[in-house]
Amino acid sequence: MIRKATAADIESAAEIYAKIHTEEEQGRMQIGWDRAIYPTKQTAVDAVERGDLFVEEADGKIVAAAILNQIQVPEYADCSWEFDAEDDEVMVLHTLVVNPEQSGHGYAGAFIRYYQEYALANGCHYLRIDTNAKNQTARKMYAKYGFKEPGIVDCVFNGIAGVKLVCLEKKI
């Protein structure tokens, strides 16, 4: 079940971020994040305060989280998007995370499907996502769900220097 997060879910989201940071630090994942910079517990706090953090539950535990909103980060202006959509027609998925201990159960795919339904329910027919070029797992997953990569932007992203930000989009 995917639902809007509450303050009670912040610790669970932060724990998933921490587990992913550990996996990356130990060389088992390549995401391009930095524990001290992004994502942090504050990422979840801010999203709950905005009302745009969503969590996925399975067997009473939070197994995944993501931020869904219409906030296009400034770096998107440097991408040559295929679809010239108005801001109010675009829904963005940020910081999709699945607990590494729960990977392989289809939770990310369920979140992508939810994201698409949520976008349509909110009048948005254009989806945008970004990921670090290092994150080949995410890039392959998004391609599987029909997302195209119209560009890669070299930038400092969320405070992390040297990011090659892969911009992804899909029209639904």
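Our subject is the structure that appears above.
Our subject in this report is the structure included herewith.

Cut-offs used in this document
- Residue positions are counted from 1 within each chain, in the order its sequence is given.
- For a predicted model such as this one, the threshold for reporting local features is a pLDDT of at least 70, and the threshold for listing and counting side-chain atom pairs is 80 or more; totals across whole chains, interfaces and linings nevertheless cover every residue.
- For the side-chain quantities, the full set of heavy atoms in the structure was used; hydrogens and water were omitted.
- Only DSSP runs of H or I reaching four residues or more are called helices, and only runs of E reaching two or more are called strands; each is numbered from the N terminus.
- In protein, a polar contact requires one atom able to donate a hydrogen and another able to accept it; more generally it is a pair of N or O atoms within 3.5 Å, and residues adjacent in sequence count only if both atoms are side-chain atoms.
- Two residues form a contact once any of their heavy atoms are found within 4.5 Å.
- Pairing between strands is defined by DSSP: at least two bridges between them are needed.
- Note on geometry: axes are C-alpha line fits, over the in-contact stretch for helices, and angles between N-to-C directions span 0 to 180 degrees.
- Lining residues are defined by having an atom within 4 Å of a point belonging to a cavity or pocket. Those points lie on a 1 Å grid over the protein atoms alone, cavities being sets where a 1.4 Å probe fits but cannot get out and pockets being open sets with protein on both sides within 12 Å along at least five of seven lines.
- Grid points are joined across faces, edges and corners, and a volume is the space filled by probe spheres set on the points.
- Just so you know the grouping, Ala, Val, Leu, Ile, Met, Phe, Trp, Tyr, Cys and Pro go in nonpolar, Asp, Glu, Lys and Arg go in charged, and all remaining residues, Gly too, go in polar.
- Side-chain rings of Phe, Tyr and Trp (the six-membered ring for Trp) are treated as a pair once their centres are within 6.5 Å; stacked means planes under 30 degrees apart, edge-to-face means over 60, and tilted covers the remaining angles.
- Exposed residues in this analysis have more than 50% of their type's maximum accessible area, buried residues have under 20%, and partly exposed residues fall in between, with area computed by a 1.4 Å probe over protein chains only.
- Only lysine NZ and arginine CZ atoms are considered, and such an atom sits over a ring when it is within 6 Å of the ring centre and within 35 degrees of the ring normal.

**Comments concerning the side chain of Asn69**
Working step 1: The topology assignment puts Asn69 in strand β3 (residues 61-69).
Working step 2: In terms of polar contacts, Asn69 uses its side chain to reach the backbone amide nitrogen of Ile71, at 2.9 Å.
Working step 3: One polar contact links Asn69 to His94, side chain to side chain, over a distance of 2.8 Å.
Working step 4: Asn69 has contacts with Arg50, Asp52, Met91, Val92 and His94, leaving out every residue within four places of it along the chain.

**Focus on the sheet that holds strand β4 (residues 90-98)**
Working step 1: One open sheet accounts for seven strands, arranged β1-β2-β3-β4-β5-β7-β6; its pairing is mixed. At either end of the open sheet lies a strand with only one pairing partner, and these are β1 (2-4) and β6 (148-157). Looking at each pair of strands side by side, their axes are set apart by 30 degrees on average, direction ignored.
Working step 2: As paired strands, β6 and strand β7 (residues 160-171) are joined by seven bridges and run antiparallel to one another.

**As for the layout of surface pockets**
Working step 1: For the largest pocket, the calculated volume is near 1,200 Å³.
Working step 2: For the largest pocket, the lining is made up of 49 residues, of which Trp33, Thr95, Leu96, Val97 and Asn135 are closest to its centre.
Working step 3: Elements with a contribution of two residues or more to the lining of the largest pocket: α1 (10-25), α2 (41-50), β3, β4, α3 (107-121), β5 (126-132), α4 (136-144) and β7.
Working step 4: For the lining of the largest pocket, a count of residues per class yields 24 nonpolar, 18 polar and seven charged.

**Details of the packing of aromatic side chains**
Working step 1: Going through the model one piece at a time under the given rule, you end up with nine aromatic pairs.
Working step 2: Each ring, one from Phe54 and one from Tyr118, has its centre 5.0 Å from the other, and the planes form 70 degrees; the classification is edge-to-face. Separated by 64 residues along the polypeptide, Phe54 in strand β2 (residues 53-58) and Tyr118 in helix α3 bring together distant segments of the chain.
Working step 3: Between the aromatic rings of Phe111 and Tyr114, the centroid separation amounts to 6.5 Å while the plane-to-plane angle is 80 degrees, which identifies the pairing as edge-to-face. Linking Phe111 with Tyr114, this pair stays in helix α3, spanning three residues, or about one helical turn.
Working step 4: Of the residues examined, Tyr114 reaches a relative accessible area of 22% and is grouped as partly exposed.
Working step 5: Through pairs of rings, three or more aromatic residues link up here, namely Phe54, Phe111, Tyr114 and Tyr118.
Working step 6: Over the ring of Trp81 we find Arg128, and its NZ or CZ is 4.0 Å from the ring centre.

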